[in-house]
Every structure is written in C-alpha cells, then in structure tokens.
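Overview (structure and organization)
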Amino acid sequence: QSLRTGEVTLRRRHRNLLNRIPNVGEWTELRNKQVNIQDLAALTASTGHEFAVFGNGKNKILIHGGTTWNIPDDAWEVIMNGRYEWQAHSHPTYYGKIQASIEDRNTLALFTWQEKSSIIDLTGNIVEFTASEQDWFNSVLGVKDYD
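Since the model is a prediction, treat every value here as computed from it, not as a measurement.

Let us now look at helix α4 (residues 102–109). Among the residues of α4, those classed as buried are D104, R105 and L108. Along the long axis of α4, the arc covered by the buried residues comes to 95°, so they all point the same way.

Right, dumping it as structure tokens:
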C-alpha cells in the first residue's frame, strides 16, 4: 500500500470509523480508545478529505470534512458544552511542510481552554500549532522559536 499514490487499503478499524461517518459533514461520538490521531492519516489517505478529532478525556468526536471543513452546529454544541479539546486534524498532503492555515488558527482561538492543536499529514508526520499570528508568520518564514 502506498499513501503517496493513493493506493490505500484500510484496516478494519478504519473501515469501521469511515462507515460511521461516510459523508462529508458527518460526525460521531466515540469512546476515547476508538480513534487516535494516526487514524486521521489513514482516513484522509483513503478519501482525500480532512478529518478532525476532539476529546474530553472520556469521549472523542470525529468529524468528516471535505477538502476544507467546518464543525457542524450540532457537534459544535456538544464540543463546547463538554469542553472538548481540538486534538488534531488531517491535511491531505505528504509533500513539503505541514502548515496551519489562518482558518485553523482562528478556530483554535475559540478553544480558550487550550493553547495547541496538531495537524497530521498522509504519512503520519505531526506538527503542533497555536492560535498566535506571530507563530503563523514565523512558520511561513521558517523562523525557529528558541524559547
């Protein structure tokens, strides 16, 4: 199987996840151990779509995005009321540098109880990001933070 050529055979675990939310805009609530960040890469490699996962320590919410995505209103209500953290989302890329978009950072800023989230690409590379515009400029310019 090759992520780079789109030849992906999903494991049963991933097929089960995708069967729960086969269409863009769908979401499901799962037990904590039923989905992890690495699962997002497999789902994205199979569909070409972005996926996002939110967790509150007990449960997780998995959202099936498209080439871009947003949080459905009914899922947003559950996420906010349960103070879920935005653990990660996937980008359908495997080349170059993973980079959070302005929309990613603006969304993270709404989660006032967390500072960082992560992005995973098709090959399983993970990068953390913050809501900070300065961090975004630094990442675009390739400036390292030496704190």
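That was the structure; now back to the text.
Think of two packed helices as two axes; the pair is described by the angle between the axes and how far apart they sit. Taken N-terminus to C-terminus, the directions of helix α1 (residues 12–20) and helix α2 (residues 37–47) make an angle of 70°; their axes are 10 Å apart at the nearest point. Judged by the inter-axis angle, α1 sits roughly perpendicular to α2. Where α1 abuts α2, its residues R13, H14, L17 and L18 lie against D39, A42, L43, S46 and T47. The residue inventory of the contact of α1 with α2, partitioned by class, reads four nonpolar, three polar and two charged.

What follows concerns the nonpolar core. Within the largest apolar cluster, 16 residues are counted, with the highest numbers of intra-cluster contacts made by F54, I63, W69, I71, I79, W86 and F111. When residues of this core are traced back to their parent elements, those giving at least two are β2 (51–55), β3 (59–64) and α3 (73–81). When neighbours within four sequence positions are excluded, F111 is seen to be in contact with F54, I71, W76, I79, M80, Y84 and W86. Of all hydrophobic cores here, the second largest spans 15 residues; its members include L40, V53, L62 and A88.

Looking now at the sheet that holds strand β1 (residues 27–31). The sheet built from six strands is open, its strands ordered β1-β3-β2-β4-β5-β6 with mixed pairing. Each of the sheet's edge strands pairs with one partner strand only, and the pair in question is β1 and β6 (126–130). Between one strand axis and the next, the sheet turns through 25° on average, direction left out of account. Of the strand pairs in this sheet, β2 and strand β4 (residues 85–90) are connected by four bridges, and their pairing is antiparallel. Each bridged residue has a counterpart across the sheet, and for A52 the counterpart in β4 is H89. Against the sheet, α1 makes contact with β1, β2 and β3, and its axis sits at roughly 135° relative to β1, the strand it touches most. Where α4 meets the sheet, it contacts β4, β5 (116–120) and β6, and its direction lies at approximately 60° from that of β6.

What follows deals with the pattern of salt bridges. Per the counting criterion, the structure on display carries two salt bridges. Close ionic contact of D39 with R13 constitutes a salt bridge, the shortest N to O distance being 2.7 Å. On the criterion of sequence distance, the pair formed by D39 in helix α2 and R13 in helix α1 is long-range, its members being 26 residues apart. Judged by relative accessible area, which is 4%, D39 ranks as buried. Across the salt bridge formed by E128 and K116, the nearest N and O atoms sit 3.6 Å from each other. Highlighted residues: E128 in strand β6 and K116 in strand β5, separated in sequence by twelve residues. Relative accessible area serves as the criterion here: at 44%, K116 is assigned to the partly exposed category.

What follows deals with unusual backbone geometry. Phi at R83 takes a positive value of approximately 50°, unusual for a residue other than glycine. Tracing the chain through its elements places R83 in the loop between α3 and β4.

The rules behind each value
- Counting of residues starts from 1 at the beginning of each chain's written sequence and follows it residue by residue.
- Per-residue local features of the predicted model are confined to residues with pLDDT of at least 70, and side-chain atom pairs are confined, for both listing and counting, to 80 or more; whole-chain, interface and lining totals are unaffected and use all residues.
- Hydrogen atoms and water are omitted, and side-chain values are computed over all heavy atoms in the structure.
- For every residue, the accessible area obtained with a 1.4 Å probe (protein chains only) is divided by the maximum for its type, and the residue is called buried under 20%, exposed over 50%, and partly exposed between those limits.
- Helix and strand definitions here come from DSSP, where helices need a minimum of 4 consecutive H or I residues and strands a minimum of 2 consecutive E residues; each element is numbered from the N-terminal end.
- The directions from the helix axis to the C-beta atoms are what the arc is built from.
- Axes here refer to lines fitted to C-alpha atoms; in helices the fit is confined to the stretch in contact. Angles between the N-to-C directions go from 0 to 180 degrees.
- Small angles under 35 degrees read as roughly parallel and large ones over 145 as roughly antiparallel, with 65 to 115 read as roughly perpendicular and the rest as oblique.
- For this analysis, residues touch if any pair of their heavy atoms sits within 4.5 Å.
- Each residue is assigned to one class: nonpolar for Ala, Val, Leu, Ile, Met, Phe, Trp, Tyr, Cys and Pro, charged for Asp, Glu, Lys and Arg, and polar for all the others, Gly among them.
- Side-chain atoms within 4.5 Å link the members of a nonpolar core, which is a set of buried Ala, Val, Leu, Ile, Met, Phe, Trp, Tyr and Cys residues.
- Paired strands, in this sense, are two strands between which DSSP finds at least two bridges.
- We define a salt bridge as a contact between a side-chain nitrogen of Lys or Arg and a carboxyl oxygen of Asp or Glu at a distance within 4 Å.

Read these as layout, nothing more, since geometry by itself doesn't imply function.
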